[in-house]
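# Architecture at a glance
The lines below spell out each chain.
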Amino acid sequence: MNQHQTVDRTVASGATDYSAAAFVIQGRLTRIRGQNILFSSCRQAIFAVNDTAADIWRSLEEGMPPHAIAVEIARSGVDRREADRHVETALEDWQRLDLIRPCAPLSPPSAREHVSQVVGVAGLYVRIVYPAARAFPAITAFRHLEVEREAADVLLRVVECEGRIHLFRNRDWILSCSPDELPVMLKGQLLTEVLDHGAYELAVHAAALRRNGRIVLLCGNPGAGKTTLTMALVHAGFGFAADDVTLLDSKGHGVGLPFAPAVKAGAWPLLAEYCPDLGAAPVFRRPDRRRVRFAVPIVPAPASPLPIGCVVLLRRGRDSKACLAPIDPASAMRGLLNGAFSPGGDLSGTAFDVLTQIIGSAQTYCLTYSRLDDAVELITKACR
């Protein structure tokens, strides 16, 4: 939204009709020394708006439907089509900025209007209901997690309102996004559901691969190459379990959260040899607008916990000589704790005991590398 001229932006003719839309207000309007100011509690942000936008906002607060607001603007001498554009533009901008949101649908859409799937992750079952027009290709990012099950623990409903996608959990609004961000948004919400309701002692920010009945954990800072290396190792014969988050139970066993890896555009050429189908996958966007493609696993990951056989801390550097060196227990524990999440918020005594057990029994390494092939070769040798 242009912070100083909210509704004066010209929009194309034939804009979507807002007449049936009902919105919940999530901001506050005030006027200070002649200036209209909108406050977004969701974003903790301030926006300056012109008088027309302020009038539209006050009308929404009074419960007036959008088409009636446009009629009132037209009565003041503004051309009706121009009045419609003012209202449409303001509502589009305010939805994007989470200042308003549509009301939850009162009843489920008809079978012809929606597509649904039930996905299972770490023992939690979630039904996702999409508008038929927006189900594909987003739904394909979760095909490998689908289960034949009528009952679900959580209902997530995707609602499209005037070109903006909104996600409701049961009847509670969660967040909104643009259509090309839909699978990324859903993946994030599914992760939140598992972390909020799953049974585990500690969630570690680590990729997980299966090898010889054990799990290999790959840890590292953002940019260390967890996703890229994970996909290359899967091509080399490792089993896929997770590319980002792994749950540890009270026995020190791990269960990966097998969401399809979202591969950033910079890694597409690197993975062309290992994932030949990736180039044909649909392109989506993250909230930062970076392009991603989902590398959907062909073989579903087993849900049964496995002991941790190896922990590898990744350090990628340009022109670095490949080296896989053992590391001490404290360094390995720090690597696992980096970005870890405990259900209680703080690391419990049980979670610390779990880490102690894992580090005491697993092989622990630091992998320094530049070339992907070298990293795959070193980890494969270490895990024979």
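Residues numbered from 1 in each chain as written. Predicted model: local features only at pLDDT ≥ 70, side-chain atom pairs only at ≥ 80, totals over all residues. Heavy atoms only, no water.

## Here's the deal with the overall build of the protein chain
Within the protein chain, the secondary structure is distributed over nine helices and 22 strands. Out of the 384 residues belonging to the protein chain, those deemed buried represent 47%. Of the contacts formed within the protein chain by residues at least 6 apart in sequence, a portion of 68% connects residues at least 24 apart. Of the roughly 18,500 Å² of accessible surface on the protein chain, a fraction of 50% belongs to carbon and sulfur atoms. The distance from the centre of the 42 positive side-chain charges to the centre of the 40 negative ones in the protein chain is 5 Å. (Helix = DSSP H or I, 4+ residues; strand = E, 2+ residues; numbered from the N terminus. Buried < 20%, exposed > 50% of the residue type's maximum accessible area, 1.4 Å probe, protein only. Contact = heavy atoms within 4.5 Å. Areas by Shrake-Rupley, 256 points an atom, 1.4 Å probe, with all protein chains shown as cover. Lys, Arg positive; Asp, Glu negative; His and termini not counted. Charge placed at Lys NZ, Arg CZ, Asp CG, Glu CD.)

## As for the environment of Phe39
Along the chain, Phe39 turns up in strand β3 (residues 35-40). Separated by 103 residues in sequence, Phe39 and Phe142 have C-alpha atoms that sit 37 Å apart. Sequence-distant contacts of Phe39, defined by excluding residues within four places in its chain, comprise Gly27, Arg28, Gln44, Ala45, Ile46 and Leu99.

## Side note on the packing of aromatic side chains
Evaluated as defined, the whole model comprises two aromatic pairs. With a centroid separation of 5.1 Å and 85° between ring planes, the pair formed by Trp57 and Trp94 is classed as edge-to-face. Of the two residues, Trp57 sits in helix α1 (residues 51-61) while Trp94 sits in helix α3 (residues 80-96), which places them 37 residues apart along the sequence. Exposure remark for Trp57: the relative accessible area of 0% places this residue in the buried category. The interplanar angle of 65° and the centroid separation of 5.9 Å between the aromatic rings of Phe284 and Phe294 together place this pair among those described as edge-to-face. Of this pair, Phe284 sits in strand β18 (residues 284-285) while Phe294 sits in strand β19 (residues 291-294), and the two are 10 residues apart along the sequence. Here Phe284 matches Phe294 in class, with each residue buried. Note that Arg149 overlies the ring of Tyr125, its terminal NZ or CZ placed 3.8 Å from the centroid. (Phe/Tyr/Trp six-rings, centres within 6.5 Å; stacked < 30°, edge-to-face > 60°. Lys NZ or Arg CZ within 6 Å of the ring centre and 35° of its normal.)

## Brief notes about the sheet that holds strand β4 (residues 45-49)
Pairing is antiparallel across the open sheet formed by three strands, whose spatial order is β2-β3-β4. Bordering the open sheet on either side are β2 (27-32) and β4, each of which pairs with just one other strand. Averaged over all pairs of adjacent strands, the angle between their axes in this sheet comes to 30°, without regard to strand direction. In this sheet, β3 lies alongside β2 in antiparallel orientation, the contact comprising six bridges. Bridge assignment links Arg28 to a residue of β3, and that residue is Phe39. In the packing of α1 onto the sheet, contacts are made with β2, β3 and β4, and the angle to β2 comes to roughly 135°. (Pairing = 2+ DSSP bridges. Axes fitted to C-alpha atoms, helices over the stretch in contact; angles between N-to-C directions.)

## A look at the environment of Asp153
The residue Asp153 is located in the loop between β7 (124-131) and β8 (154-161) in this model. The spacing of Asp153 and His197 is 44 residues in sequence and 9.7 Å in space, taken between C-alpha atoms. With residues up to four places along the chain from it excluded, the contact list for Asp153 reads Gly123, Leu124 and Tyr125.

## Observations concerning the confidence of the model for the protein chain
With 92% of its residues at a pLDDT of at least 70, the protein chain reaches an overall mean of 88. Within the model, pLDDT remains below 50 along residues 1-20, and this stretch shows 48 contacts once partners closer than five positions in the same chain are excluded. (pLDDT = per-residue confidence, 0-100.)

## A word on the pairing of strand β20 (residues 306-316)
For β20, the buried fraction is high: eight of the 11 residues fall into the buried class. Pairing of strand β13 (residues 214-219) with β20, which is carried by five bridges, proceeds in the parallel orientation. Residue pairing in the sheet places Leu217 in a bridge with Val311 of β20. Judged from the seven bridges that link them, β20 and strand β22 (residues 363-369) form a sheet pairing that is parallel. Paired with Val311 across the two strands is Thr364, which belongs to β22.

## A look at the pattern of salt bridges
The tally for this structure, following the rule as stated, stands at 17 salt bridges. We note a salt bridge from Arg289 to Glu181, for which the minimum N-O separation is 2.9 Å. Remark: Glu181 occurs in the loop between β10 (172-177) and α4 (182-197) and Arg289 occurs in the loop between β18 and β19; sequence separation between them is 108 residues. For Arg289, a relative accessible area of 37% puts it in the partly exposed group. Glu181 gets classed as buried once you look at its relative accessible area, which sits at 11%. In this structure, the salt-bridge partner of Asp374 is Arg371, at a minimum N-O distance of 2.9 Å. A residue is classified by how much of its surface remains accessible, and Asp374, at 24% relative accessible area, is partly exposed. (Salt bridge = Lys/Arg side-chain N within 4 Å of Asp/Glu carboxyl O.)

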